[in-house]
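# Examination of the molecular architecture
Okay, here's what each chain looks like letter by letter:
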Amino acid sequence: MAVDIPTFASTQISLLAAELQAEVDETSMLVSLHSPSALQRAGVALTNLAVLSQRTGLGGKTVVELGPDGAFSSSGDLPEHGIRSGDIVLLAEQPAASGKKREVKELERKGVKGVVTRVGRQALGVAVGEDGEGEVVGGDRRVWIVKLADEVTWKRMNGTMEKMAKMAEGEYSYFMRVLFGLTTPSPVPEDLSKDEEVGEGKIKWFDTSLNESQKDAIRFALKSQEIALIHGPPGTGKTHTLIELILQLLALNPNSRILVCGPSNISVDNIVERLSPHKIPLIRLGHPARLLPSVLNHSLDVLTRTSEAGAIVKDVRAEMDAKQASIRKTRSGKERKAIYADLKELRKEYRQREKKCVSDLVAKSKVVLATLHGSGGYQLRDEKFDVVIIDEASQALEAQCWVALLSAKKAICAGDHLQLPPTIKSLNSSSSSKTSSKTSSTSGEKKTAKTKKDTAASSTPPTIPKGATLETTLFDRLLSLHGPKIKRMLTTQYRMHESIMRFPSDELYEGKLIAAEGVKARLLNQLPDVRDVDETREPLIFIDTQGGDFPEKTEDEEEEEEKKKKGVTKRSLYGDSKRNEGEAMLVREHVRCLVEDGGVRAEDVAVVSPYNAQLALLAPLKEQYPGIELGSVDGFQGREKEAVIVTLVRSNSDGEVGFLAEKRRLNVAMTRPKRSLTVIGDSETVKKGSKFLKKWMEFLEENADLRYPDLASLTAAAAAAAKA
Ligand SMILES: Nc1ncnc2c1ncn2[C@@H]1O[C@H](COP(=O)(O)OP(=O)(O)OP(=O)(O)O)[C@@H](O)[C@H]1O
């Protein structure tokens, strides 16, 4: 069905506003209710830090280097935390852990906002903005950082939507009209199996190892006029295909200009790394400190420094650095003030010179790479592209995609709509209950009733049309708009053992996946130094906890008891997250078998669960087996491991499965391993959750190495192990 562009844009504006509000409210609620150390455990803060140094970084910003305060870390390492580079944070003096209520506004007044530029084991960098702000956090005071809502990204999306809402019909490009169903895509021949069909001559493949489905997708994408979707199920080489596609686009038309985007820095860097050996003029936009070191040589910032045009820019930067350094030595307030004033002037000059240099460099590049929101920066303001390529498009908000797409004549989107969509925090009242059960928060879980109420109370909710949700991605919308004729699917997967692939292939990908020769029979026991034991010999193990001996627990129930004892009234940070102590015991035992008996490296093992409370319960495994990874399903999307243990947690007499019912979440969980998938769960409970879950349990019963654990002997073994 055609979509009215102004209506689409205004709906997006409302949805985005609600999303930003939910994010802001979530931070406020967490900060006001919990101590700094509890916030750190929840992954939204990093405490007990000292300022190690300050220097002038990118775009003339001050980068504050932070490390653990000596009094709190004997090793010099930062504690476990959830801060990632690119996060927007507040850097402030750390408040006392007292029960006094804190307000974000008050913290914001006392601290400075910045972007995390680099996260290391022992230190992290935060780029702060305005003149003199570094001063606020200087000295020997103990500081902390708290994650804030990302308003910059939000502003870019909002700006794009406002632009679209205001466009007159005559301004819509043919491309836009196709993407909103106001017209149909130009037809592409059904059969593109011959290389001659594309362009003038026969395609000469740069990568001769491409499989047929990859070649087919490339031919299709080259031939399409407005839109092509490349559907890449897990491990099928989406990025691999995009690299060849970019090279072919340039081979076909050496004058074309291509913009390549993804929702995250890592998705973009991944392409830069693989594209750079091909020696085409490319440039990577974005905050250099957020980029992979291997990508830096293509970063605009580095090029502005190393290129000829950059020489003048460099002089100003050196002067700024010298000034910055002199601040620390100055005692007099008056002198400092004068230095800040100078710095302000220098920054202005720096920006002007940089701008000129940047536009020269961008104009020279055939391929420009940036995150979707990064493509909305001043560097690309008036640039037009022949083709915009979006990787991981099914993980991006549609509004985010349009930041890049407004400059396009044609788009090629790669993704997999059968894995998880982007994380949404707002639960607008018009979303169906089905939608809200899919919705996940930072902690990867459904919001508690309390949070929802808080969100509603603190803001006037914008009006949102019924059924509209940010979860509908561009990929989803285009597929339902134009159908499969605008899509090609990659079918050979290079990750999983055939037995691991079977179920997701049959149930979600029409049985079309093929395991590549090299991976289809790979087992753990073929890895160097791995011994042949039961746990390393089987690609698929199901430890079935049915029978009621391994019940789930809700965090709140336990906290409720604790609270009563202590007379505390705080809510749990994990909301109503579930955990399952019995399953946790089974996980520990299985890890022990893999690592100690089987000789599998801890780095090759991951434990994945949809429930954060379960992961919190298992956290000590990280000390016992350094290198092992514990992660939420949502957080593990895009990753792979030799061995993956999935703990499903849910076990109750009502057959309640919560957000296990989301197929896409399970799909992600079961497609992470290469050689070994172990599922731990209560088949009786899980079967009641949905048709899909029932089929999965039956599949495991028939095809996996089945185990029925005995709680008594497990408890005895655990006690013995603890003693030892
Ligand atoms: N034609 C091919 N021949 C051999 N190996 C391939 C081929 N295509 C992809 N691969 C390999 O498959 C793996 C996955 O490829 P890539 O990283 O491009 O996949 P992706 O689809 O982007 O990943 P994900 O499934 O995580 O989204 C890589 O190790 C890649 O080298």
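What you see is a predicted model, and the numbers here were worked out from it, not measured in a lab.

Basis of the calculations
Within each chain, residues carry numbers counting from 1 in the order of the written sequence. Totals for whole chains, interfaces and linings use all residues, but because this is a predicted model, local features are given only for residues with pLDDT of at least 70 and pairs of side-chain atoms are given and counted only at 80 or more. Derived side-chain values reflect all non-hydrogen atoms in the structure, with water molecules and hydrogen atoms excluded from consideration. Relative accessibility thresholds used throughout: buried, under 20% of the residue-type maximum; exposed, over 50%; partly exposed, between the two (1.4 Å probe, protein chains only). Secondary structure elements are taken from DSSP: a helix is a run of H or I of four residues or more, a strand is a run of E of two residues or more, and numbering for both begins at the N terminus. Being paired, for any two strands, means DSSP has found at least two bridges between them. It suffices for a single heavy atom of a residue to lie within 4 Å of a molecule or strand for the residue to be listed as near it. Identification of polar contacts relies on pairs of N or O atoms within 3.5 Å, with a donor-acceptor requirement for protein atoms, meaning one able to donate a hydrogen and the other able to accept it, and with residues adjacent in sequence counted only if both atoms are side-chain atoms. The accessible surface values rely on the Shrake-Rupley method and a 1.4 Å probe; as for residues, cover is taken only from the protein chains in view. The salt bridge definition used is simple: a Lys or Arg side-chain nitrogen within 4 Å of an Asp or Glu carboxyl oxygen.

Across the five residues that make up strand β12 (residues 411-415), a large majority, five, are buried. Covered by surrounding structure in β12 are Ala-411, Cys-413 and Gly-415 together with Ile-412 and Ala-414, the residues of both alternating faces. The sheet contact formed by strand β7 (residues 227-231) and β12 spans five bridges and is parallel. Each bridged residue has a counterpart across the sheet, and for Ile-227 the counterpart in β12 is Ala-411.

Here the phi dihedral of Glu-510 falls at roughly 55°; this positive angle occurs in a residue that is not glycine. As for its position among the elements, Glu-510 is in the loop between α16 (498-508) and β15 (514-515). Judged by relative accessible area, Glu-510 falls into the exposed class, the value being 57%. For Asp-529, which is not a glycine, the phi torsion comes out positive at approximately 70°.

The next point concerns the site of the ligand. If you check the shell around the ligand, you find 15 residues, and the closest are Ser-209, Gln-214, Gly-235, Lys-238 and Thr-239. Interatomic distance of 2.9 Å between a side-chain N/O atom of Gln-214 and a nitrogen atom of the ligand. In this structure, Gly-237 approaches the ligand through a main-chain N or O atom, which is 3.1 Å from an oxygen atom. Bound to the protein, the ligand loses 72% of the 630 Å² it would expose on its own. Among the elements that take part in the shell around the ligand, helix α7 (residues 238-252) stands out by supplying three residues, more than any other.

As a further point, take the pattern of salt bridges. Scanning the entire structure with this criterion turns up 37 salt bridges. Across the salt bridge formed by Arg-664 and Glu-471, the nearest N and O atoms sit 4.0 Å from each other. In this pair, Arg-664 is assigned in helix α23 (residues 663-670) and Glu-471 in the loop between α14 (449-457) and α15 (474-482), connecting sequence segments 193 residues apart. By relative accessible area, Glu-471 is classed as buried at 7%.

As a further point, take the environment of Asp-342. One can find Asp-342 in helix α11 (residues 333-364). On the basis of relative accessible area, Asp-342 is assigned to the partly exposed category, the value being 34%. Taking the C-alpha atoms as reference points, Asp-342 and Lys-238, 104 residues apart in sequence, are found 49 Å from one another.

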